[in-house]
Amino acid sequence: MKRLLITGATGFLGRHCLAAAQALDGVEIHGTSRQIQSTGGVVWHGVDLRDSAAASGLIDRVRPSHLLHVAWEATPVSYASSPQNHLWLTAGIAMLEAFGRNGGQRFTGVGTSAEYGPTDAPCVEGVTLINPDSIYGQTKAAMAEAAKEVAQKHGFSAAWGRVFLPYGPGDPPQRLLPSVMKSLLAKEGIPLSDGLQKRDFVHAPDVGQQLVRLLLAEASGAFNIGTGVATTVREAVETLAALLGKVDLLEFGAKPRRAGEAAVLVADMARFATLVGVPPYTPLQDGLSAFVRGTRDH
């Protein structure tokens, strides 16, 4: 029986990874959270994984065969420049070393599209330059390199999933689509840039499915986690507003784009499709419809 440990299993992406893992047969699932949870079928561990000793101690106790490391600094707005990212990196490397010492077989870490440098084309693993401009992206990229080195040292298999623009249940309210939805429901006008930036919006449940499939695969190295579909921010926001019948509240061009913002941030999914399998794909219209229904029900 595989023993899976999912860190950050109650977070935005972690909860979707947990749901995907719970659909598997023949696995024993362990999850981490700052506070002990009571979800059935999961062995929970309350631990602050920014503490290197606590992180490696957790691995010593659980001895997982498979480790999906989702937990990281995710405080809305401040995460990109937070010094907490360095704590996560140091503790993550300690966790990797403990995983190797305890006979771990397969590690998959959750990275970010923010690891890539500016490009006008879809991001291709091993081709597009890794040149992050934020502390968040830099520490994630460093963790990816550490995973490769520690895996070679201890002889386990390691993969790295670079997640593009997730949205859906559990999305923090300060992020783009939830904040737009909140303002639309309040009937407030929303000042936006021109919205012509191209992005890869991926439904969070699909992210969970892709990451768990990557965890159970054999291929090593970096893999994009996305859809491969380029959608402008304007198209995404207009789709959301149309579902709520409030397109008139959108004020495109009312403010400038953020300085240094990439014009294109879209995943090339060929490597994932070839080495892992065709990734699950929820069209944006369907994903946003489900998001709206869930928000209203909540």
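Details of the structure are given in the entry above.
My aim in this report is to walk through the structure given alongside it, one point at a time. Counting restarts for each chain, with residues numbered from 1 along the sequence as it is written. For this predicted model, a pLDDT threshold of at least 70 governs which residues receive local features, and a threshold of 80 or more governs which side-chain atom pairs are given and counted, while totals over whole chains, interfaces and linings are taken from all residues. Only hydrogens and water are removed before side-chain values are computed, so all heavy atoms of the structure are retained for them.

With that settled, the discussion passes to the overall build of the chain. Labels follow the DSSP assignment, with helices taken as runs of H or I lasting at least four residues and strands as runs of E lasting at least two, numbered in each case from the N terminus. Counting secondary structure elements, the chain contains 9 helices and 14 strands. Its C-alpha atoms give the chain a radius of gyration of 19 Å, within 12% of the compact-globule value 19 Å for 298 residues. With respect to the three principal axes, the spread of C-alpha positions in the chain is 60 × 40 × 35 Å. Throughout, exposure labels follow a simple rule: accessible area from a 1.4 Å probe, protein chains only, divided by the maximum for the residue type, with under 20% read as buried, over 50% as exposed, and the rest as partly exposed. Relative to its 298 residues, the chain shows a buried fraction of 53%. By the convention used here, residues are in contact when the closest approach between their heavy atoms is within 4.5 Å. A fraction of 78% describes how many contacts in the chain between residues 6 or more apart in sequence connect residues 24 or more apart. Only the protein chains shown count as cover for residues, and the accessible areas themselves come from Shrake-Rupley with a 1.4 Å probe. Accessible surface for the chain amounts to roughly 13,200 Å². Of this, 52% is attributable to carbon and sulfur atoms. Charge assignment in this entry is limited to Lys and Arg as positive and Asp and Glu as negative, and neither His nor the chain termini are counted. Charge positions come from single atoms, namely NZ of Lys, CZ of Arg, CG of Asp or CD of Glu. Each charge class in the chain was averaged separately, 27 positive and 27 negative side chains, and the resulting centres sit 3 Å apart. The globule rule is 2.2 Å times the number of residues to the power 0.38, and the radius of gyration it is compared with is taken over C-alpha atoms.

Expected helix span is taken as 1.5 Å per residue step, with the number of steps being one fewer than the number of residues. Between its first and last C-alpha, helix H3 (residues 84-101) extends 26 Å over 18 residues, near the 26 Å set by a 1.5 Å rise per residue. Where H3 is concerned, the buried positions are Asn85, Trp88, Leu89, Ala91, Gly92, Met95, Leu96, Ala98, Phe99 and Gly100. Its buried side turned inward, H3 meets strand S1 (2-7), helix H2 (52-62), strand S4 (66-69), strand S5 (106-112) and helix H4 (135-154). Glycine 103 lies just past H3 and shows a positive phi near 80 degrees.

Turning our attention to the packing of H3 against H4. Convention adopted: a line fitted to C-alpha atoms gives each axis, helices being fitted over their contacting stretch, and angles between N-to-C directions are expressed from 0 to 180 degrees. It is at 10 Å that the axes of H3 and H4 come closest, and there the two elements cross at 15 degrees. The angle between H3 and H4 places the two elements in the roughly parallel class. For the pair H3 and H4, the sense of crossing is right-handed. Across the interface between the two elements, Asn85, His86, Leu89, Gly92, Ile93, Leu96, Glu97, Gly100 and Arg101 of H3 pack against Ile135, Tyr136, Thr139, Ala142, Met143, Ala146, Ala147, Val150, Lys153 and His154 of H4. Taken together, the residues of the contact of H3 with H4 sort by class into 10 nonpolar, 6 polar and 3 charged. Relative orientations are named as follows: roughly parallel for angles under 35 degrees, roughly antiparallel for angles over 145 degrees, roughly perpendicular for angles from 65 to 115 degrees, and oblique for any other angle. Take the far helix as your reference; a near helix turned counterclockwise from it by less than a right angle gives a left-handed crossing, and one turned clockwise gives a right-handed crossing. We call Asp, Glu, Lys and Arg charged. Ala, Val, Leu, Ile, Met, Phe, Trp, Tyr, Cys and Pro are nonpolar, and the rest, Gly among them, are polar.

Ile6, Leu68 and Leu211 are the most contacted members of the largest nonpolar core, which totals 37 residues. Elements that contribute at least two residues to this core include exactly S1, helix H1 (14-22), strand S2 (27-33), strand S3 (42-46), strand S6 (157-163), helix H6 (204-216) and strand S11 (221-225). Looking at this core element by element, the count peaks at 6 residues for H6. The contacts of isoleucine 6, once residues within four sequence positions are left out, are Cys17, Leu18, Ala21, His30, Gly31, Thr32, Leu68 and Val70. Definition used in this section: a nonpolar core is a set of buried Ala, Val, Leu, Ile, Met, Phe, Trp, Tyr and Cys residues joined via side-chain atoms within 4.5 Å. Listed in part, the 28 residues of the second largest apolar core include Ala71, Phe99, Phe107 and Val150.

What follows concerns the packing of H1 against H6. Two elements in contact, H1 and H6, have axes whose closest approach is 8 Å; the angle formed by their N-to-C orientations is 60 degrees. Classed by the angle they form, the pair H1 and H6 counts as oblique. Crossing handedness for the pair H1 and H6: right-handed. Between H1 and H6, the residues in contact are His16, Cys17, Ala20 and Ala21 and Ala204, Pro205, Gly208, Gln209, Leu211 and Val212, respectively.

Looking now at the sheet that holds S4. When DSSP finds two or more bridges between two strands, those strands count as paired. Spatial ordering of the open sheet is given by S3-S2-S1-S4-S5-S6-S11, a layout of 7 strands whose pairing is parallel. In the strand order of this sheet, the two ends are held by S3 and S11, each with one partner. Across the sheet, the mean angle from the axis of one strand to that of its neighbour is 20 degrees, orientation sign disregarded. Two strands pair when backbone bridges link them, and S4 and S5 are joined in this way by 4 bridges, in the parallel orientation. In the strand pairing of S5, histidine 69 is matched with glycine 109. Contacts from H3 reach S1, S4 and S5 within the one sheet, and its direction differs from that of S4 by about 175 degrees. Each of S4, S5 and S6 is contacted by H4, which is oriented at about 160 degrees to S5, the strand it contacts most.

Attention shifts here to the sheet that holds strand S14 (residues 264-265). As summarised here, the arrangement of the 3 strands in space is S12-S9-S14, forming an open sheet in which the pairing is mixed. Only two strands of the sheet have a single partner each, and these edge strands are strand S12 (231-232) and S14. Across 2 bridges, strand S9 (residues 198-199) lies against S14 in parallel orientation. Its bridge partner lying in S14, arginine 199 is registered against leucine 265.

With that out of the way, let us pick up the pairing of S11. Of all 5 residues making up S11, 4 are buried, and the element is well covered by its neighbours. Bridge count between S6 and S11: 5 bridges; the pairing is parallel. Bridging across to S11, arginine 162 finds its partner in asparagine 224.

Turning to its location among the elements, serine 82 is positioned in the loop between S4 and H3. According to the relative accessible area criterion, serine 82 is buried, its value standing at 8%. A distance of 3.0 Å separates a polar side-chain atom of serine 82 from the backbone nitrogen of glutamine 84. Under this definition, polar contacts are N or O atom pairs within 3.5 Å; protein pairs additionally need one hydrogen-donor-capable and one acceptor-capable atom, and for neighbouring residues in sequence, both atoms have to be side-chain atoms.

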